[in-house]
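Examination of the molecular architecture
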Amino acid sequence: MGSSICYFNGKFGDVAKARISPLDRGFLFGEGLFETWRTYSGRPYGISEHLARMARTAKQIGIAFDPDEPWEQRSTELARRNHMLKSDGAVRMTITRGRGPISLVVEATEDPTRLMLFRPLEPGLGIAKRDGVAIHLVSVGSGVSERQRQIKSLNYLPAILARTQARERGCFEALYHLDNGKVLEGTTSNIFVVRRGVVRTTPISMGLLPGVTRHKVIKLTRSITKLREEVLTLDDLLAADEVFLTSSSIEIVPVVRVGRRKVGKGSVGEITRQLQLDYRKAVARQLDIPIESLGE
Ligand SMILES: Cc1ncc(COP(=O)(O)O)c(C=O)c1O
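Residues numbered from 1 in each chain as written. Predicted model: local features only at pLDDT ≥ 70, side-chain atom pairs only at ≥ 80, totals over all residues. Heavy atoms only, no water.

1. Some details on the site of the ligand
Using the following cut-off: We call a residue near a molecule or strand when any one of its heavy atoms sits within 4 Å of it. Within 3.5 Å is the distance limit for a polar contact, defined as a pair of N or O atoms, with the added protein rule that one can donate a hydrogen and the other accept it, and that residues adjacent in sequence qualify only through two side-chain atoms. Throughout, the Shrake-Rupley method with a 1.4 Å probe supplies accessible areas, and for residues the shown protein chains are the sole cover considered.
For the ligand, the set of nearby residues contains 16 residues, the closest of which are K152, Y156, E185, V212 and T213. At a separation of 2.6 Å, an oxygen atom of the ligand approaches a polar side-chain atom of Y156. Separating an oxygen atom of the ligand from a side-chain N or O atom of T213 is a distance of 2.7 Å. Protein burial of the ligand: of its 390 Å² of free accessible surface, 94% is covered by the chains.

Here's what the structure looks like:
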C-alpha cells in the first residue's frame, strides 16, 4: 500500500492518524497541487526540478510554498521511516490552500496543508520497460484550459477515468489527443516518437505538463541523435519506428502497440533502449549509486 509513515504539516507520523479538515479546500475544490518524484535507495532524483515546478505553479494559483525548506532531507527521512533505503519507490507530495470558506473566491488563507507520502513503484514496471506496453487513445475534445495552464493540480478525475479505461483494455497508459488528431500527453507521462533516427516530442506550447523527465530525456537524446519538438498527430504514432513514454516514476517505457496496432516491428527499438540505459547512467552518476543497484 505504500507509506505507513507520512510527513504531514511539519511532522512525521502514522498515515492512519493524519487528519485533514473537512474544510480543506484541496478536499472541497481540488485547490492544490502535487508532485511525484522517484527515489533510488531512498534518495530523491530530480527533486529540485519538481520543487521548482511546484513553486512556480503555487505562485500562479496563490498558494504559499517555499521550495527552499529542507524537502530533500524530509524526502530521505520519509524513505528511511518507511524502510525504503534499500529499494526504490516514489514520494508523492501534495499541497493545498488549507482550510477556508465554502466559496470559490477567498481571501488569503494562512495554513496551507503539506503532505508527503511514500508509494511503491507501479507493479510490473520492470516487465513494461523490458517488453514495452500498449497505450489506449482518449480524445479530450478541442482542449482543456487547465492543462493549457500547465498546472499539476489535484483535479485528476479525467486521468483516473482515462487510465481506468486503458487498464480495462489491457493498456498501460492512456494518451490524450485532440479531436483533430493532435497528440498531447499521457495521463501521467509525456510521449516521444522515433522515425528514421529522428526523435520528436510534442511541444509544451500545446498545453502539456512540462515533464521533468521529458526535459532530461530531450537533453540525453540530443547527445545521440536529432531531436525535434513539434506537434505530433495520431498518424505520426502509427508511422513511427519507435514510441516511448517518460515520467519520473517510470523513467522511459517503450510503447509497442497503439490500441491494437503495432508500433514499428512491434518490439522495443534501439534508440529507446539506448535512452533507457543513458537515463539510468545519469541517475547512477548523479546520486553516486552503482547502476546495478537501481530497481525496476
Ligand atoms: C499530465 C502529466 N504529464 C506528464 C507527466 C510526467 O511528468 P514528470 O516527468 O515530471 O514526472 C505527468 C506526471 O505525473 C503528468 O501528470
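Resuming the write-up.
2. Quick notes on the packing of aromatic side chains
So the rule is basically this: Classification of ring pairs rests on two measures: the distance between centres of Phe, Tyr or Trp rings, Trp counted by its six-membered ring, which must be within 6.5 Å, and the angle between planes, read as stacked under 30 degrees, edge-to-face over 60 and tilted in between. Helix and strand assignments come from DSSP, with helices taken as H or I runs of at least 4 residues and strands as E runs of at least 2, each series counted from the N terminus. In this scheme, a residue with accessible area under 20% of its type's maximum is buried, one over 50% is exposed, and one in between is partly exposed, where area comes from a 1.4 Å probe on protein chains only.
On inspection of all chains with the given rule, the structure shows 7 aromatic pairs. Ring centres of Y7 and W71 lie 5.9 Å apart, and the angle between their planes is 85°; on these two criteria the pair is classed as edge-to-face. Taken together, the residues Y7 in strand β1 (residues 5-8) and W71 in helix α3 (residues 71-81) connect sequence positions 64 residues apart. For the pair formed by Y7 and W71, the shared burial category is buried.

3. A few points about helix α6 (residues 157-168)
This is how it is decided: Between the first and last residue of a helix there are one fewer steps than residues, each counted as 1.5 Å, and that sum is the expected span. By arc we mean the arc of the directions from the helix axis to the C-beta atoms, nothing more. Residues count as neighbours in contact if any of their non-hydrogen atoms are within 4.5 Å of one another.
For α6, spanning 12 residues, the distance from its first C-alpha to its last is 17 Å, which sits close to the expected 16 Å at 1.5 Å a residue. Along α6, the residues classified as buried are A159, A162, R163 and A166. The buried residues of α6 occupy an angular sector of 95° when the element is viewed end-on, so they sit on one face. Across from the buried face of α6, at angles greater than 90 degrees, the exposed residues are L157, I160, L161 and E168. Elements in contact with the buried residues of α6: β7 (133-139) and β8 (173-177). The first or second residue beyond α6 is G170, which carries a positive phi of 75°.

4. Looking at the side chain of T201
When you line up the elements, T201 lands in strand β11 (residues 198-201). Owing to a relative accessible area of 1%, T201 belongs among the buried residues under this scheme. There is a polar contact of 2.6 Å between the side chain of T201 and the backbone oxygen of I191. Ignoring anything within four residues of it in the chain, the contact list for T201 reads I191, F192, R214, I218, R228, E229, E230 and L232.

5. Concerning the environment of L157
With respect to the element layout, L157 can be found in helix α6. Its relative accessible area of 54% is what places L157 among the exposed residues. Distance from L157 to E168, taken between C-alpha atoms, is 17 Å for residues 11 residues apart in sequence.

6. Concerning the domain arrangement of the protein chain
Keep this limit in mind: An automatic or database domain assignment supplies the residue ranges for each domain. Here the quantity called buried area is the accessible surface, traced with a 1.4 Å probe, that two parts lose on coming together, added over both. Think of a salt bridge as a Lys or Arg side-chain nitrogen and an Asp or Glu carboxyl oxygen that are within 4 Å of each other. Put simply, Ala, Val, Leu, Ile, Met, Phe, Trp, Tyr, Cys and Pro go in the nonpolar bin, Asp, Glu, Lys and Arg in the charged bin, and everything else, Gly too, in the polar bin.
As far as domains go, the protein chain holds domain 1 (5-119) and domain 2 (125-287). For domain 1 versus domain 2, the separation of C-alpha centres amounts to 26 Å. Contact with domain 1, which involves 28 residues of that partner, is made by 24 residues of domain 2. Buried surface at the junction of domain 1 and domain 2, summed over both partners, amounts to about 2000 Å²; 58% is from carbon and sulfur atoms. Along the contact surface separating domain 1 from domain 2 lie 2 salt bridges. A salt bridge links E49 to K216, with the nearest nitrogen and oxygen atoms 2.8 Å apart. There are 10 residue pairs in polar contact (both at pLDDT 80 or more) connecting domain 1 and domain 2. Among the elements of the structure, α1 (25-29), β3 (32-40), β4 (43-45), α2 (47-61) and β5 (89-96) are those that each provide at least two residues to the side of domain 1 that touches domain 2. Partitioning the side of domain 1 that touches domain 2 into residue classes produces 10 nonpolar, 10 polar and 8 charged.

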